[in-house]
Amino acid sequence: MLYFLGYPQNGHRRGVRARLMRLFPCSTAKKPSASNQNSVEDELELSAVRHRPEGLEQLEAQTRFSRKELQILYRGFKNECPSGVVNEDTFKDIYAQFFPQGDASTYAHFLFNAFDTDHNGSVSFEDFVMGLSILLRGTVQEKLNWAFNLYDINKDGYITKEEMLDIMKAIYDMMGKCTYPVLKEETPRQHVEIFFQKMDKNKDGVVTIDEFIDCCQNDENIMRSMHLFENVI
Amino acid sequence: MAAGVAAWLPFARAAAIGWMPVANLPMPVAPTEKNKRQDELIILNVSGRRFQTWRNTLDRYPDTLLGSSEKEFFYNEETKEYFFDRDPDVFRSVLNFYRTGKLHYPRYECISSYDEELAFFGIIPEIIGDCCYEEYKDRKRENAERLMDDQEDNKDSKLPNMTFRETMWRAFENPHTSTMALVFYYVTGFFIAISVITNVVETVPCGSAPNQKEVPCGERYTVAFFCMDTACVMIFTVEYLMRLFAAPSRYRFMRSVMSIIDVVAILPYYIGLVMTDNEDVSGAFVTLRVFRVFRIFKFSRHSQGLRILGYTLKSCASELGFLLFSLTMAIIIFATVMFYAEKGSSSSKFTSIPASFWYTIVTMTTLGYGDMVPKTIAGKIFGSICSLSGVLVIALPVPVIVSNFSRIYHQNQRADKRRAQKKARLARIRISKTGSSSAFLHSKRNGLFNEALELTVRPEEQRLSKSTSLLESQHHHLLHCLEKTTVSAHNHEFVDEQCYQQSYLEAGLQTYPSRSPSLSSQDGVTGTCCTRRSKKRHTPLPNASAQAHMHPLTHPHAHQQGLQELSTIHIQPLSTSRSSLNMRVDEPAPLNCQSGQITTAIISIPTPPATTPEGDAHPPAGPAHQNVVKVSAL
């Protein structure tokens, strides 16, 4: 009815409506306007989320990338995410494009959590570049640390069998159905068993960071593969 | 993989370190980049507008022109940029595709030019993004329909070797192809009209005898009407059988709508014949007569608009369905409401809900006969709501149907307009062609003058050569060379259109001797206006002996008519001396020129003759020379 009478000015809007609403006894006047306010602000926030990374010099100092490499990385990053941050869905989309035949969303979720070090739900360029710096230019110790962090889903310092099973299933999901030989239900579980046999020295059912790093450093294959992607950028 | 995502590949590879501790087997060796170039900017100069991008951006799509080594062909060493002589506006979309991974189709762009550009740059149009794909497909469909219409018009030209059956079918489908077909078309139309009028008049009361009640004409003049009916049905039957015979696919013909209408139109008559005056079935017989009205649908063969209407209704089936459904819903609702509202009043016509349907329909369509009106107040209120909503419900789907109809109708109109335009366009092209060919001949004569004079008076050449532009003179020079190079036993030269057309059908190609110093033989010259010119009168080329001639291209249908035109092109690479460029002139103006042999060569032009007038300088050659020298604007 308000509209038929002519739309009042902005300043008066809430006032008139609030006054009218007060006439009706069972009106829930307070809530709509409050939530309206909130939703409007939310909308503003979402659209205004535009993250600008720290300066090039700072990033250079914090990571092990050269200036040019940072430039290249940022250009690619900004191209895909113009707003400057990646949220989890976009992250999953991007990662899924590399694994078309399987379902990469679970693993991408874990990966997102590993990159989102401050746990604010979005990966900014700094997070991205820090992660990459560790992965590509870090020492073996740092890399293994990062991998442990990835596996430890609840970040309590221990990898349990359930966590490992989740991770393993996620990795196997990425393979998809069309594999040879065909993946069976048991395969991830068996793989977890093998992993735990190898890593869990004191057989207490969990793998700590020290066990993990020790074991990996004694494994030739793992050591070699850690250096595999060094010249990716 | 999308382009932008390619930038994330290093990230994905790095993240693979997360799998390493879990893996049991050694990893394969990573591919190494042999020469890891620093990413550099490359400049793409498209018709003067410079675009710059990273080399890596273009490398994202290695199977396109810009992404592969194919672009090296366009590299300009001096300016260190890649030059493309294409449309810069469309190139913008192409380059954006590399940058963003999405190909967009700009609405203002012509579909065929866009397609051409895409084809040039090696991009398949199927990857156009969702935002623009529908528009692209619509435009493409329209274009294809237009092309198909054009092709259909071309097909109307009479093909030889058509069987009798095929001719008949074509006559049925396109009445304007032959007179017989037209006659048949009008006759059937006339008889359809007669039949329909007969059916109508049959029921009109015709005068009566004084003490009898009025009888319809049908019962008064039974015999006459029966004869009329028989005649019409016989014509329709014959027509149907003829169509059935001529149809290329009889099964498909029998299933088509028009043939079903034909059958339904004539069947009642035969059924009526079969069933004699049997009392039991006479009721059914009367019903059958109703089907005679279907004859009026036979008019749809004669009327384009009717066909369009039918097609529209078919294509709007879903909107019509929705209309029907919503109307039914509303009718049931309002009928129920009215019935219960009027239940209380006495002597109410709303005896049952189905009885109220009639009121609801009449009210919703705003007919308002007034045979049923509500009497109670509630009934009147609901009745008014009913009529208001009726207007809305009916008005909503109707514009969709209307717009569909108008689109299809306009498309048809466009087809007719295009046909008319095509005729005008062809006429224009013909005029320009004759204009340019006569220009060539004219300048040839002048050229002769020029060159002859040049031999003698050098300084004069400036004055005379002003008559033709540089382009024209180069073009004409080329044609001269062409004439020069085709050495033959007969004289050949470029001739004007009438001679060409006359001799086109008899033309053939001779294989020429590689050297014929004297072109004296003139066998088989039968053209009239051309014979005058074709008389040779030239001395042999001074350096004819030293010529090397390429082997002529032979015309596949060689006739022995030895008329001048439609020869092949001999390329005489060495005939560059001044004297060899001298042409033979017409008899009335003999010049002191040492002309070489002249042969005609007709240069074929591909069928859509859209080239410039200079390019259309010669009359089109025979059908086989489709790939011969295309003389576009030189």
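Rules and cut-offs
Residues numbered from 1 in each chain as written. Chains lettered and ligands numbered in written order. Predicted model: local features only at pLDDT ≥ 70, side-chain atom pairs only at ≥ 80, totals over all residues. Heavy atoms only, no water. UniProt positions renumbered as here; feature names shortened; annotations may be inferred. Helix = DSSP H or I, 4+ residues; strand = E, 2+ residues; numbered from the N terminus. Buried < 20%, exposed > 50% of the residue type's maximum accessible area, 1.4 Å probe, protein only. Contact = heavy atoms within 4.5 Å. Areas by Shrake-Rupley, 256 points an atom, 1.4 Å probe, with all protein chains shown as cover. Axes fitted to C-alpha atoms, helices over the stretch in contact; angles between N-to-C directions. Parallel < 35°, antiparallel > 145°, perpendicular 65-115°, else oblique. Left-handed = near helix turned anticlockwise from the far one by under 90°. Nonpolar A, V, L, I, M, F, W, Y, C, P; charged D, E, K, R; others polar. Pairing = 2+ DSSP bridges. Polar contact = N/O pair within 3.5 Å; in protein donor to acceptor, adjacent residues only side chain to side chain. Expected span 1.5 Å × (residues − 1). Salt bridge = Lys/Arg side-chain N within 4 Å of Asp/Glu carboxyl O. Phe/Tyr/Trp six-rings, centres within 6.5 Å; stacked < 30°, edge-to-face > 60°. Lys NZ or Arg CZ within 6 Å of the ring centre and 35° of its normal.

Looking at an unreviewed UniProt entry, one finds chain B named Potassium voltage-gated channel, Shal-related subfamily, member 3 and attributed to Myripristis murdjan. Recorded under Catalytic activity (unreviewed entry), the UniProt text for chain B is reproduced unchanged: "K(+)(in) = K(+)(out)".

Looking at an unreviewed UniProt entry, one finds chain A named Kv channel-interacting protein 4, with Myripristis murdjan as its source organism. Database annotation for chain A, UniProt heading Sequence similarities (unreviewed entry): "Belongs to the recoverin family."

1. Examining the overall build of chain A
For chain A, the helix and strand inventory stands at twelve helices and four strands. Burial analysis of chain A (233 residues in total) assigns 37% to the buried set. Across chain A, the fraction of contacts at a sequence separation of at least 24, relative to all contacts at a separation of at least 6, is 56%. Accessible surface computed for chain A: about 13,900 Å², of which carbon and sulfur atoms make up 54%.

2. Describing the packing of helix α4 (residues 67–80) of chain A against helix α7 (residues 125–137) of chain A
All names here are of chain A. Where α4 contacts α7, the two axes come as close as 11 Å, and the packing angle between them is 130 degrees. It follows from the interaxial angle that α4 and α7 lie oblique. The hand of the α4/α7 crossing is right-handed. Here Glu-69, Leu-70, Leu-73, Tyr-74 and Phe-77 of α4 come into contact with α7, specifically with Phe-125, Phe-128, Val-129, Leu-132 and Arg-137. Within the contact of α4 with α7, the residues separate by chemical class into eight nonpolar, no polar and two charged.

3. A look at the pairing of strand β2 (residues 49–54) of chain B
All names here are of chain B. In this sheet, β2 lies alongside strand β1 (residues 41–46) in antiparallel orientation, the contact comprising six bridges. Among the inter-strand pairings, Asn-45 is bridged to a residue of β2, identified as Arg-50. Linking β1 back to β2 in an antiparallel pair, the connection comprises two residues, with Ser-47 at a positive phi of about 50 degrees.

4. Digging into the environment of Thr-100 of chain B
Residues and elements named next belong to chain B. You can see Thr-100 is positioned in helix α4 (residues 88–100). Separated by 43 residues in sequence, Thr-100 and Thr-57 have C-alpha atoms that sit 9.3 Å apart. Polar side-chain contacts of Thr-100 include one of 3.2 Å to the backbone nitrogen of Lys-102.

5. Examining the UniProt feature "domain: EF-hand" (unreviewed entry) in chain A
All names here are of chain A. As recorded in UniProt, the sites labelled "domain: EF-hand" (unreviewed entry) are residues 103–138, 139–174 and 187–222. Strand forms 8% of residues 103–138 and helix 67%; the C-alpha atoms that close the span are 29 Å apart. Between the first and last C-alpha atoms of residues 139–174 the distance is 28 Å; the span itself is 72% helix and 8% strand.

6. With respect to helix α10 (residues 222–246) of chain B
Residue and element names in this part refer to chain B. An ideal rise of 1.5 Å per residue puts 36 Å on 25 residues; α10 measures up with 36 Å between its terminal C-alpha atoms. If you check which residues of α10 are buried, you get Phe-225, Asp-229, Thr-230, Cys-232, Val-233, Phe-236, Thr-237, Glu-239, Tyr-240, Arg-243, Leu-244 and Ala-246. In this structure, the buried residues of α10 make contact with α7 (164–173), α8 (179–201), α9 (217–220), α11 (250–255) and α12 (257–274).

7. A word on the interface of chain A and chain B
Opposite the 47 residues of chain A that make contact, chain B presents 32 residues. The tally of links between chain A and chain B comes to zero salt bridges. Across the contact surface, chain A and chain B share one residue pair in polar contact (both at pLDDT 80 or more). Examining the composition of the side of chain A that touches chain B, we find that six residues originate from one element, α4 of chain A, more than from any other. Partitioning the side of chain A that touches chain B into residue classes produces 34 nonpolar, seven polar and six charged.

8. With respect to helix α15 (residues 317–342) of chain B
Two residues of an α-helix separated by three or four positions point the same way, owing to the 3.6 residues in each turn. Residues and elements named next belong to chain B. With 26 residues, α15 should cover 38 Å at 1.5 Å per step; its first-to-last C-alpha distance of 37 Å lies within 8% of that length. Regarding α15, the residues found buried are Leu-323, Ser-326, Leu-327, Ala-330, Ile-331, Phe-334, Ala-335, Met-338, Phe-339, Ala-341 and Glu-342. Looking at the buried residues of α15, the elements they touch are α16 (353–364) and α17 (377–395).

9. Some details on the packing of aromatic side chains
Tallying each qualifying case throughout the model produces 41 aromatic pairs over all chains. Each ring, one from Trp-169 of chain B and one from Phe-253 of chain B, has its centre 6.0 Å from the other, and the planes form 90 degrees; the classification is edge-to-face. One end of the pair, Trp-169 of chain B, is in helix α7; the other, Phe-253 of chain B, is in helix α11, with 84 residues separating them in the sequence. Grouped by ring-pair contacts, the aromatic residues Tyr-74, Phe-77, Phe-91, Phe-112, Phe-115, Phe-125, Phe-128 and Trp-146 of chain A constitute a single cluster. Its guanidinium or amino end placed over the ring of Phe-196 of chain A, Lys-161 of chain A lies 5.6 Å from that ring's centre, counting from NZ or CZ. In this structure, Arg-86 of chain B packs its charged tip against the face of Phe-120 of chain B, placed 3.9 Å from the ring centre.

10. Re unusual backbone geometry
With a phi angle near 55 degrees, His-119 of chain A is a residue other than glycine that sits in the positive phi range. Under the relative-accessibility criterion, His-119 of chain A is labelled exposed at 52%. Unusually for a residue other than glycine, Ser-47 of chain B sits at a positive phi of about 50 degrees. By secondary structure assignment, the location of Ser-47 of chain B is in the loop between β1 and β2. Using a relative accessible area of 36% as the deciding quantity, one classes Ser-47 of chain B as partly exposed.

11. Quick word on the pairing of β1 of chain B
In this sheet, strand β4 (residues 81–84) of chain B lies alongside β1 of chain B in parallel orientation, the contact comprising three bridges. By the bridge assignment, Asn-45 of chain B is partnered in β4 of chain B with Phe-83 of chain B.

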